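Structural overview for review
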Amino acid sequence: ENIMCGIAGYIGKQQAAPIILDGLSKLEYRGYDSAGIAVRNEATDKIAIVKAKGRLKTLIEKTDGGSAVPGTCGIGHTRWATHGGVTNANAHPHKSGNVALIHNGIIENYAELKDKLLKHGYTFYSETDTEVVIKLVDYYYRKYNLGPVDAIAKTMVRVRGSYALELMFRDYPGEI
Ligand code: GLU
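Below: a short report on this structure. Just so it is clear, the structure is predicted and the values come from calculations on it, not from any experiment. (Residues numbered from 1 in each chain as written. Predicted model: local features only at pLDDT ≥ 70, side-chain atom pairs only at ≥ 80, totals over all residues. Heavy atoms only, no water.)

All right, on to the site of the ligand then. Among the 15 residues in the neighbourhood of the ligand, the closest are listed as Arg79, Thr82, His92, Gly105 and Asp129. A distance of 2.7 Å separates an oxygen atom of the ligand from a polar atom in the side chain of Arg79. Between an oxygen atom of the ligand and a side-chain N or O atom of Asn104, the distance comes to 3.1 Å. For the shell around the ligand, the elements supplying multiple residues, two or more each, are β4 (73-79) and β6 (99-107). Across the shell around the ligand, the residue classes break down as four nonpolar, nine polar and two charged. (Near = heavy atom within 4 Å. Polar contact = N/O pair within 3.5 Å; in protein donor to acceptor, adjacent residues only side chain to side chain. Helix = DSSP H or I, 4+ residues; strand = E, 2+ residues; numbered from the N terminus. Nonpolar A, V, L, I, M, F, W, Y, C, P; charged D, E, K, R; others polar.)

Set out below in structure tokens:
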């Protein structure tokens, strides 16, 4: 199966959201069923996430062309649903603690990873396979406190399937 979603990102001196939305619009031809964006606001040190099922146009309107989500670092996604219906909750980016993530592909062993994370006290808000990846990154990030690269590497050892991932950490401004 060919999964045809889109991933965009921006770090730099300009406002990220309008550039990311423009990038996603160039990927629209690939097909998708929902879209979302996460931008790190350096004034508040918080990551804002906005999602919209349906057309990218809806996300663009919802964010006022991107100006509603200020910041110079961000990630954006157009989703082609494989696990879970077409809803705002299932749209990406997904978030756990101080980490935000976008995923293109399928996590084959998500059910077993979900069981493990439920035992560790995590609760799930979406029906996606993707949510286990962000929760696992968050779990390792907190447990070892060795930074993003280590947390991602530990997660990759556990995850089976196909995946392109894009992540952002609240504690690491200007990095995706
Ligand atoms: N499997 C993920 C989901 O259903 C990602 C799908 C995609 O590649 O867009 O949310």
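Let us keep going from here.
Turning next to the pairing of strand β2 (residues 34-41). Counting buried positions along β2 yields eight of eight residues, so the element is predominantly enclosed. Both faces of β2 are covered, namely the face carrying Ser34, Gly36, Ala38 and Arg40 and the face carrying Ala35, Ile37, Val39 and Asn41. Where β2 folds back on strand β3 (residues 46-53), the antiparallel hairpin that results is connected by four residues, among which Asp45 adopts a positive phi of roughly 60°. Note that β2 and β4 share seven bridges and pair antiparallel. Each residue of the ladder has a partner; that of Ser34, found in β4, is Arg79. (Buried < 20%, exposed > 50% of the residue type's maximum accessible area, 1.4 Å probe, protein only. Pairing = 2+ DSSP bridges.)

Right, let's get into the nonpolar core. Core analysis: the largest hydrophobic core is formed by 19 residues, its most contacted members being Val99, Leu117 and Val132. Per-element accounting of this core gives the leading share, eight residues, to helix α4 (residues 130-144). Setting aside its immediate chain neighbours within four residues, Val99 contacts His94, Ile134, Val137, Asp138, Tyr141, Leu167, Met168 and Phe169. Within the second largest apolar cluster, 16 residues are counted, among which are Ala17, Ile20, Ile37 and Val50. (Core = buried A, V, L, I, M, F, W, Y, C linked by side-chain atoms within 4.5 Å. Contact = heavy atoms within 4.5 Å.)

Just geometry here; none of it tells us what the structure is for.
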